[in-house]
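# Chains, contacts and geometry: an overview
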Amino acid sequence: MRVCGYKSKAYHFSVVDLEYPHMSPSEFPLLSRLKEWQFNVLTIVTTVLFANVVVAGVEWLLLGHVRADSMTVSTLSGLIIATLVVHVVAQLRTHMLRIHRHRQTNIELTQANARLAENNALLATLMEAIPIPIFYKDAQGLYLGFNQAYEDFLGRKRSELIGRSVFDIAPQDLAEVYHAQDMKLMAQRGTQIYETQVKDGQGQMHTVIFHKAAFIDTAGVARGLVGGILDITSRKQSEQALKESEHRTQSLYALLRRVADNVPDMIWAKDLEKRYLFANKSFCEQLLNARDTDEPIGKDDLFFALRERAQHPENPLWHTFGEPCQETDEVTLRQSDTLQFDELGYAQGKPLALAVRKAPLMGENGDIIGVVGSARDVTTEREAQEKLQVSALVLANSSEALLLTDANNCIVDINPAFTLLTGYTLDEVIGKNPRILRSGRHDADFYQAMWTRIQATGQWQGEVWNRKKNGEAFAEWLTINTLYHDDGSVHRRVGLFSDITDKKRSEELIWKQANFDQLTDLPNRRMFLDRLAQDLKKAHRGGFKLALMFIDLDRFKEVNDTLGHDRGDVLLTEASQRIAGCTRESDTVARLGGDEFTVILTDLMDNTGIDRIARDILAALAEPFTLGCERAFVSASIGITLYPDDATSLEDLLKNADQAMYVSKANGRNCLSYFTRTMQEAALHRMHLLADLRVALAENQFELHYQPILDLPNHQIHKAEALLRWTHPVRGVVSPAEFIPLAEESGLIHTLGDWVFAQAVAQVKAWRTRIDPDFQISVNLSPVQLQSGAERLHWQQHLADVQLGGEAVVLEITEGLLLETSPQLTAELLAYRDAGIQVAIDDFGTGYSAMAYLKQMDIDFLKIDRSFVRNLGTDASDQALCEAMVVMAHKLGLKVIAEGVETSLQRDLLQAMECDFAQGFLFSKALPVEEFEQLLATFSHHPSVP
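For clarity, every value in this text was computed on a predicted model and none was experimentally measured.

## Focus on the pairing of strand 5 (residues 191-199)
Where burial is concerned, the two faces of strand 5 differ: the one with Gln192, Tyr194, Thr196 and Val198 is buried and the one with Thr191, Ile193, Glu195, Gln197 and Lys199 is not. Count of turn residues in the strand 5/strand 6 (residues 205-216) antiparallel hairpin: five residues, of which Gly203 carries a positive phi of about 85°.

## Examining the side chain of Thr233
For Thr233, the position within the fold is in helix 7 (residues 233-261). The class for Thr233 is buried, based on a relative accessible area of 15%. Leave out the neighbours within four places in its chain, and Thr233 touches His206 and Thr207.

## Details of helix 7
An ideal rise of 1.5 Å per residue puts 42 Å on 29 residues; helix 7 measures up with 41 Å between its terminal C-alpha atoms. The complete set of buried residues in helix 7 reads Thr233, Arg257, Ala260 and Asp261. Residues of helix 7 that are buried sit in contact with strand 6, strand 7 (222-231), strand 8 (266-271), strand 9 (276-279) and helix 8 (281-288).

## Observations concerning the environment of Arg235
When you line up the elements, Arg235 lands in helix 7. Classification of Arg235 by relative accessible area gives partly exposed; the value is 43%. When the C-alpha positions of Arg235 and Thr207 are compared, they lie 9.2 Å apart, and in sequence the two are 28 residues distant.

## Focus on helix 19 (residues 608-622)
Spacing of three or four residues puts side chains on the same side of an α-helix, whose turn is 3.6 residues. Between its terminal C-alpha atoms helix 19 stretches 22 Å, which fits the 21 Å expected from 15 residues at 1.5 Å a residue. Of the residues making up helix 19, those classed as buried are Ile610, Ile613, Ala614, Ile617, Leu618, Ala620 and Leu621. Along helix 19, the residues classed as buried sweep out an arc of 165° about the axis, all on the same side. Here the buried face of helix 19 lies against strand 18 (545-554), helix 18 (565-581), strand 20 (596-604), strand 21 (625-627), strand 23 (635-643) and strand 24 (671-674).

## As for the packing of aromatic side chains
Enumeration over the complete set of coordinates arrives at 26 aromatic pairs. Relative to Phe210, the ring of Tyr178 lies with its centre 5.9 Å away and its plane at 50°, an arrangement referred to as tilted. Here Tyr178 is found in helix 6 (residues 172-188), whereas its partner Phe210 is found in strand 6, with 32 residues between them in sequence. Of the residues examined, Tyr178 reaches a relative accessible area of 9% and is grouped as buried. On the numbers, 6.3 Å between centres and 85° between planes, the contact of Phe775 with Phe932 is edge-to-face. Placement of Phe775 in the loop between helix 23 (749-770) and strand 28 (776-780) and of Phe932 in helix 31 (residues 929-941) is noted, with a sequence separation of 157 residues between them. Judged by its relative accessible area of 1%, Phe775 is buried.

Calculation rules
All residue numbers here refer to positions counted from 1 along the written sequence of the relevant chain. Reporting of local features is limited, given that this is a predicted model, to residues whose pLDDT is at least 70; pairs of side-chain atoms are given and counted only at 80 or more, and all residues count toward the totals for whole chains, interfaces and linings. Only hydrogens and water are set aside when side-chain values are computed; all heavy atoms of the structure are taken into account. Exposure is judged per residue with a 1.4 Å probe applied to protein chains only, and the accessible area is read against the type maximum: over 50% gives exposed, under 20% gives buried, and values in between give partly exposed. Going along the chain from the N terminus, every DSSP run of H or I of four or more residues is numbered as a helix, and every run of E of two or more is numbered as a strand. Paired strands are those between which DSSP finds at least two bridges. Contacts are residue-level and defined by heavy atoms, with any inter-residue pair within 4.5 Å sufficient. In this analysis, the expected span of each helix is defined as 1.5 Å times one less than the number of residues it contains. Here the arc refers to the set of directions running from the helix axis out to each C-beta atom. Each Phe, Tyr or Trp ring, with Trp reduced to its six-membered ring, pairs with another whose centre is within 6.5 Å; inter-plane angles below 30 degrees give stacked pairs, above 60 give edge-to-face pairs, and intermediate values give tilted ones.

Dropping the structure here:
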């Protein structure tokens, strides 16, 4: 170990060098390398070897050989000598090492002192050169020294502070803090760094950082501390200034960002690569659809355009901005000037029009570093401008007249349609009040109500009668709207109107056509139902009675068909006048259609006047009608129902009157009938029977019975009449007289007729094959079927399908059809004749027979009605009529069938008249197929029966 010390004027240093003691290798190389035991072993071995060599040499020289015992003795002698040598050498070595160490120590001490002096000088120079104040204290906190910078900082001389403590240079409170920190540092034997504020020699406060470290001696004892003072006042001031500057910058940026994000315009900045440096909230939301204002930074327009398009591939117009934005950027950079652009496209699937302003973004050196821009969404403004332009064009070319007035209701402008409609030009009306158009048809209350509405809502709409420049009055549909200033005051009033004079006339005509009969000018069904509903409400409120009449003209169809529709219209017109002449002004007379009329008698206290009015109508309609050169006679059937006696609802009253009218028809026409509950029951019975009739055919409830027609000259049966029978599962047998009229009214007669014809054809074909090849079956043909014409086509085709000739079938029609002289009816009968089908007139003599029609219609058979046959033998006139019919028919080439033959006398008289055929219960009633065939067998064996 080496310890070197050095004392200077201001400070003292100690240097300690530890090393293993050794001799100089240049002087004692072997000794310096061998350990003590190694040296002793080497000495012993060398001495023993040397003794053995000497003894061996002497004996060899003296004796010529070497003895073993000599070698033993020499070895022992060598060991003794070696021991002595080792001891001597050890003493000598120890002395030599002590001399060497003393000399080496002196050399090293001299060198160490020289180095220490050199280091101390260098350290002193460095310490003085360091601009940071540095000080040294001992373990008690007394100053040992410091550098010039410390002296300058405190403004005190070294001589004043060496040996002094901090209590001598700082206030008591601070001194205690500093001293405590120094003691703590030396106790912890570490380093200490802290920031504080101290005053310099001039009393200026400085912010400093103390760096202190304790120095420890070789015994581990803290001998003092060394410290430095880093003055960071300027740095703190710079940091504070920088912080304040950053705060101001951040505040300004936040303010600018807040302003930019709260303006409706879009604001952005881009670098030369067209990547965004800044984008405000409006720009991110309206155009880019960015998450926030930070997302665009570093990205370009195409990034957002492609992202939007990728999210909506089905819509190519979802986002069209991107490329156009970059193109205008290029133009701005190329021209290096502030430019304006109109950019149009789609953003987020909606059309967007932008008024864009772009300018080069300049750097600090005045060079261009990018593009700065702003844009305003002008989509609404453009649309509004376009709408205004369109509106102006529309108004200028509109057929509606425009009138514009100021707040004082003075005209300021009109459009061409105004001049065209009213005849006034702009020069004639400008500055005047619109009252120049007044027609005088509206009173002051009308205009007062109009202006009250306008003042309250700013709007009014309605119909006004005004007057043109030429004095012509016209109806207009006027709409008034008010335009206001921002403060709510009136700016303009706009009046739009169109001429509705022709429209009103058309509406009146349409209303009249919709509610009144064009032929008679009476209310039609629509108006009748409306008035009936109103009259019922009135009668209910006032507790009055009301009578409803249904009037149907009897035999009008005959007049219409014989004299023509024009004469029929004249008759209807006069009939309506006669009916109206029999009623009161408060009553309603209406025409429902055809020859049907109605009368509503209102405000009735009792029923006394109803019968008188109804009979006056019957009498008036029974008078002859003069139709040009012709005179026509009709009558009326009237049905009457009373409110509230018979019913209280409109629908029930209509049904009741209709039922009562049909009862009058059934009672012989030219009469009136009041509704009774019996009629209601009959109507319900008809309704239920019709419902059953609709399913009867499908449920096989019908069958055909056949009544034989006897050939009187030879008493043979070659004909039969097919008669339809209905066996109801509950009602039993239903009379044809009951269900055939229902079938005709409902249209079911066509389906039933087809079924009857098919069954009869099948049966006659079978009988022609098995019984009589000339057998004929008669089938009744309803007038409804004959007039439709559809049955003939079906039946002819059916005969062809079953390969049966038309001569196998006879169609029976009623006598009333002879008066149907329409071309259609004639054509139908002739078509049946052409198909080989014969025709018979049923119930001949009961109607208005016209003999001329018998030949014209190409009839084959006459069937004398049973009413004439029934009185044969008891009534000479009926017998004479029968004989006349037979003679007449034969003269016309027709054959005669007598119906209702029930006695042998009737048969014999008919046979005497040379009547051709007879049909009646005398021969048989209508029979089912099996019984009829048995009857045929009986007649074939006994032709005289009965």
